[in-house]
2 protein chains.
Amino acid sequence: MPANIIDSLQVKPNKEVSLYNWKCNGLKKINKEEAERTLEQDLIKNMSELQYKLFADKSQALLIILQGLSAAGKDSTVRSVMNAFNPQNCRAISFKVPSEQERSHDYLWRIHNLVPAKGDIAIFNRSHYEDVVEVRVRKLLPRSIWSKRYQQINEFENYLDSNNIRIIKLFLLISKKEQKRRLEQRIRDPVKQWKLTESDLSEPFIYDSYINAYQETLSKCSTDWAPWYIIPADAKWLRNYLIAQIIIKTLKEMNLKFPKPKFDILKFINS
Amino acid sequence: MPANIIDSLQVKPNKEVSLYNWKCNGLKKINKEEAERTLEQDLIKNMSELQYKLFADKSQALLIILQGLSAAGKDSTVRSVMNAFNPQNCRAISFKVPSEQERSHDYLWRIHNLVPAKGDIAIFNRSHYEDVVEVRVRKLLPRSIWSKRYQQINEFENYLDSNNIRIIKLFLLISKKEQKRRLEQRIRDPVKQWKLTESDLSEPFIYDSYINAYQETLSKCSTDWAPWYIIPADAKWLRNYLIAQIIIKTLKEMNLKFPKPKFDILKFINS
């Protein structure tokens, strides 16, 4: 895949992004069959090898944040891409509506608690970004509170990056039409019905509110140290392929190294 | 006690403090017997009442950070002042040398995890300030790493303050002579010997290194949102008296309120 495609998926710092007219050149040229084959045969293996190096190196961690509207495919992404990773040193955490204990803390408390240790990978399925998006769309908090959080989040993520926790943030962009189709499918499908909540059913009616809230969030919180990527998510094969490529690129840029043995191995080998 | 004494104990933001020539006017005028009586009769009760209001109000938390050289009296402060608080909603945490799990995380990870919930008080006996002071004095990390932490800590504490966690930082200033006396006393006292560590014994030799490190830390990390107070700690009665006054002043400034009843109480009373 041409490197410039990953680059165009990345939201540039301090630049307003429009999600309504968003498009990325070059995507049309990606061939479905080839992408599926590459993912299966090369990318998954590549991710797994890089994770092993991350674990051995033990000086850095990787935090992958997944956000998106209802039915955008967050769970499905974890299932189909992230299972490339050895679960021994990779944890996927699904942040729910905060518990009473969590609500009695500052909003980054439960987040920081689950930040990965060095050598590890954490995948946050939803995250502290709910504390600027969900609280805004559902009017749970006044603007005066959530609007201050963009800067707090940028500083928190900057601190994590300065302490060797690399961050990738993936926004799964689903169209209103595709979201409606998936939710209707869940209503009809007895295997998927359980995933439905009352709030899911109201989602298509407030699609635009979510897109507006994400638009501002992505514009304000995409930084050099923790970039947001927009992932076109109507087609699952394209979504998976792009995410795998972004993860591989990030892990490669971390310059991971196998540490030197702690004792003189040759002595043992020669004896 | 005159309010201007508390003010002079506070390190002013962006001002270099000298711990070698440090003095605070007005301390000489405090009478020992009167201070001990006031602490016993009024201040302890006052602290306890304010804590109850903090708990009822449930919109803010109080974080008290205690730092100081070996034998400066941190444990003794917790025992003699902080036991004014109901332990139900007050937790004293003694941060030790980081465990392997803690070391594999960023240095604020274990700190954030124990930040108090709203309505609660936490007392940190040692804290993230070890990560700028101890690592420097004991040469555990290079300057390029710890020197970046001043700003990271200021931003972290600013975030906590913005999320209703009030912070008081108390530096117990002990003289080289008094530290030596106390350590020698511990060596001779079979009841206190257990507290001694090898690193304690080396402390008087590096007293100046600690004072230098604290001097820079207090100068760089005393902020409007998380002020450092210098507490003269050679005399325990004065130390306890001053700390109680600072805590009371801070709790009062938090404008705590008892919440309104959740239902119409009068209806029940009149029926």
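This text gives an overview of the structure that appears in the document. (Residues numbered from 1 in each chain as written. Chains lettered and ligands numbered in written order. Predicted model: local features only at pLDDT ≥ 70, side-chain atom pairs only at ≥ 80, totals over all residues. Heavy atoms only, no water.)

### Quick word on empty space enclosed by the protein
The test is simple: Only protein atoms enter the 1 Å grid used here, on which a cavity is any set of points holding a 1.4 Å probe that cannot leave and a pocket is any open set flanked by protein within 12 Å on both sides along at least five of seven lines; residues with an atom within 4 Å of a point are listed as lining. Grid points are joined across faces, edges and corners, and a volume is the space filled by probe spheres set on the points. Helix numbers and strand numbers start at the N terminus; a helix is a DSSP run of H or I with at least 4 residues, a strand a run of E with at least 2. Residue polarity follows a fixed list, in which Ala, Val, Leu, Ile, Met, Phe, Trp, Tyr, Cys and Pro are nonpolar, Asp, Glu, Lys and Arg are charged, and the others, Gly among them, are polar.
Taken as a whole and judged by the stated rule, the model has one cavity of 30 Å³ or more. Looking at the lining of the largest cavity, the elements with two or more residues in it are α8 (149–162) of chain A together with α8 (149–162) of chain B. The residue inventory of the lining of the largest cavity, partitioned by class, reads six nonpolar, four polar and two charged.

### Notes on the interface of chain A and chain B
Rule in force here: By definition in these notes, contact holds between two residues if any of their heavy atoms fall within 4.5 Å. Defined here as a combined quantity, buried area equals the accessible surface (1.4 Å probe) lost by two parts on assembly, summed across both.
Opposite the 21 residues of chain A that make contact, chain B presents 21 residues. Between chain A and chain B the total buried area reaches about 1800 Å² when both faces are included, carbon and sulfur atoms providing 48% of it. Three residues stand out in chain A for area buried against chain B, namely A:Asp106, A:His112 and A:Tyr159, and they jointly supply 30% of the buried area on that side. When residues of the side of chain A that touches chain B are assigned to their parent elements, the largest contribution, six residues, is made by α8(A). Class assignment of the residues belonging to the side of chain A that touches chain B gives a composition of ten nonpolar, seven polar and four charged.

### Focus on the relation of the copies chain A and chain B
We count it as follows: The least-squares superposition of copies is restricted to C-alpha atoms, and to residues with a pLDDT of at least 70 in both copies.
Least-squares fitting of chain A to chain B yields an RMSD of 0.0 Å, with the superposition described by an axial translation of 0.0 Å and a rotation of 180°. Both chain copies can therefore be described as sitting about a two-fold axis. It is A:Asn113 whose C-alpha, among those of chain A, lies nearest the rotation axis, at 2.8 Å. Taken as a fraction of all interface residues of chain A, those also at the interface in chain B reach 100%, which identifies the copy contact as same-surface.

### Regarding helix α9 (residues 176–188) of chain A
Formally: Helices are assigned an expected span. That span is 1.5 Å times one less than the residue count.
Over its 13 residues, α9(A) extends 19 Å from the first C-alpha to the last, a length consistent with the 18 Å expected when each residue adds 1.5 Å. On its buried face, α9(A) is in contact with α10 (198–202), α11 (207–221) and α12 (236–253) of chain A.

### Here's the deal with the side chain of B:Gln51
Residue and element names in this part refer to chain B. For the record, the criterion: Residue exposure (1.4 Å probe, protein chains only): buried if accessible area is under 20% of the type maximum, exposed if over 50%, otherwise partly exposed.
Among the secondary structure elements, Gln 51 is positioned in helix α2 (residues 32–57). You can call Gln 51 buried: its relative accessible area is 4%. With residues up to four places along the chain from it excluded, the contact list for Gln 51 reads Phe 85, Asn 86, Asn 89, Cys 90 and Ile 121.

### Notes on the environment of B:Asp42
All names here are of chain B. Looking at the secondary structure, you find Asp 42 in helix α2. A relative accessible area of 43% places Asp 42 in the partly exposed class. Linking Asp 42 and Ile 247, residues 205 residues apart in sequence, is a C-alpha distance of 13 Å.

### Description of the sheet that holds strand β3 (residues 121–125) of chain B
Residues and elements named next belong to chain B. What counts here: We call two strands paired when DSSP finds no fewer than two bridges between them. Simply put, an axis is a line fit to the C-alpha atoms, just over the touching stretch for a helix, and the angle between two N-to-C directions goes from 0 to 180 degrees.
Strand order in the open sheet made by the five strands is β2-β3-β1-β4-β5, with parallel pairing throughout. Strands with a single pairing partner mark the edges of an open sheet, and in this sheet they are β2 (90–94) and β5 (228–232). Neighbour-to-neighbour, the strand axes of the sheet open up by a mean angle of 20°, direction not taken into account. In the sheet, strand β4 (residues 165–173) pairs with β5 via five bridges, with the strands oriented parallel.

### Remarks on the packing of aromatic side chains
The geometry of two aromatic rings is summed up by the distance between their centres and the angle between their planes. Rules: Aromatic rings from Phe, Tyr and Trp, with only the six-membered ring used for Trp, were paired whenever their centres fell within 6.5 Å, and each pair was classed as stacked if the ring planes differed by under 30 degrees, edge-to-face if by over 60, and tilted otherwise. Counted as over-ring charges are cases with an Arg CZ or a Lys NZ within 6 Å of the ring centre that also lie within 35 degrees of the ring normal.
For the structure on display, the rule yields twelve aromatic pairs over all chains. Here B:Phe95 and B:Phe124 contribute two aromatic rings whose centre-to-centre distance is 4.9 Å and whose plane-to-plane angle is 80°, an arrangement assigned as edge-to-face. Highlighted residues: B:Phe95 in the loop between β2 and α4 (100–103) and B:Phe124 in strand β3, separated in sequence by 29 residues. Neither residue differs from the other here; B:Phe95 and B:Phe124 are each classed as buried. Above the face of the A:Tyr107 ring, A:Arg149 is positioned so that its terminal group lies 4.0 Å from the ring centre.

### Here's the deal with the sheet that holds strand β1 (residues 61–68) of chain A
Each strand in a sheet pairs with another by means of backbone hydrogen bonds, the pair being arranged parallel or else antiparallel. All names here are of chain A. Sheet architecture is open: five strands sit in the order β2-β3-β1-β4-β5, paired in parallel fashion. Pairing within the sheet leaves two strands with one partner each, and these edge strands are β2 (90–94) and β5 (228–232). Across the sheet, the mean angle from the axis of one strand to that of its neighbour is 20°, orientation sign disregarded. Along the sheet face, α8 touches β1 and β4 (165–173) and points at about 135° away from the line of β4.

### A closer look at unusual backbone geometry
Even without being a glycine, A:Asn164 presents a positive backbone phi close to 70°. Structurally, A:Asn164 is set in the loop between α8 and β4. Despite not being glycine, B:Ala71 has its phi angle at roughly 70°, a positive value. Structurally, the position occupied by B:Ala71 is in the loop between β1 (61–68) and α3 (74–80). Taking the relative accessible area as the measure of exposure, B:Ala71 reaches 8% and is therefore buried.

### Points about the packing of helix α6 (residues 130–137) of chain B against α8(B)
Residue and element names in this part refer to chain B. Put simply, the test is: For classification purposes, an angle smaller than 35 degrees is called roughly parallel, one larger than 145 roughly antiparallel, one from 65 to 115 roughly perpendicular, and anything else oblique.
The contact between α6 and α8 brings their axes to 10 Å, and the two run at 160°. Relative to α8, the element α6 lies roughly antiparallel. Along its contact with α6, which presents Asp 131, Val 132, Val 135 and Arg 136, the element α8 presents Arg 149, Tyr 150 and Ile 153. For the contact of α6 with α8, the per-class residue count stands at four nonpolar, no polar and three charged.

### Observations regarding the pairing of β5(B)
In terms of burial, β5(B) is a largely internal element, five of the five residues being buried. Across the two faces of β5(B) the burial is the same, with B:Trp228, B:Ile230 and B:Pro232 and B:Tyr229 and B:Ile231 all buried.

### Topic: the packing of α2(B) against helix α12 (residues 236–253) of chain B
Residue and element names in this part refer to chain B. Put simply, the test is: If you view the pair so one helix is near and one far, a crossing is left-handed when the near helix is turned anticlockwise from the far one by less than a right angle, and right-handed when it is turned clockwise.
Taken N-terminus to C-terminus, the directions of α2 and α12 make an angle of 30°; their axes are 9 Å apart at the nearest point. When the interaxial angle is binned, α2 and α12 end up roughly parallel. The element α2 and its partner α12 pack so that their crossing is left-handed. Judged by residue contacts, Lys 32, Ala 35, Glu 36, Thr 38, Leu 39, Leu 43, Asn 46, Met 47, Leu 50 and Leu 54 of α2 engage Trp 237, Asn 240, Tyr 241, Ala 244, Gln 245, Ile 247, Ile 248, Leu 251 and Lys 252 from α12. By residue class, the composition of the contact of α2 with α12 is twelve nonpolar, four polar and three charged.

### Regarding the side chain of B:Arg166
Inspection of the secondary structure puts B:Arg166 in strand β4. Beyond its immediate stretch of four places on either side in the chain, B:Arg166 contacts B:Gln60, B:Ala61, B:Leu62, B:Leu63, B:Asp161 and B:Met254.

### Regarding the environment of A:Leu69
Residues and elements named next belong to chain A. By the secondary structure assignment, Leu 69 is in the loop between β1 and α3 (74–80). Sequence separation between Leu 69 and Phe 171 is 102 residues, and the spatial gap between their C-alpha atoms is 8.9 Å. Other than its neighbours up to four places away in sequence, Leu 69 contacts Lys 74, Phe 171, Leu 172, Ile 174, Gln 179, Glu 203, Tyr 207, Tyr 210, Ile 211 and Tyr 214.

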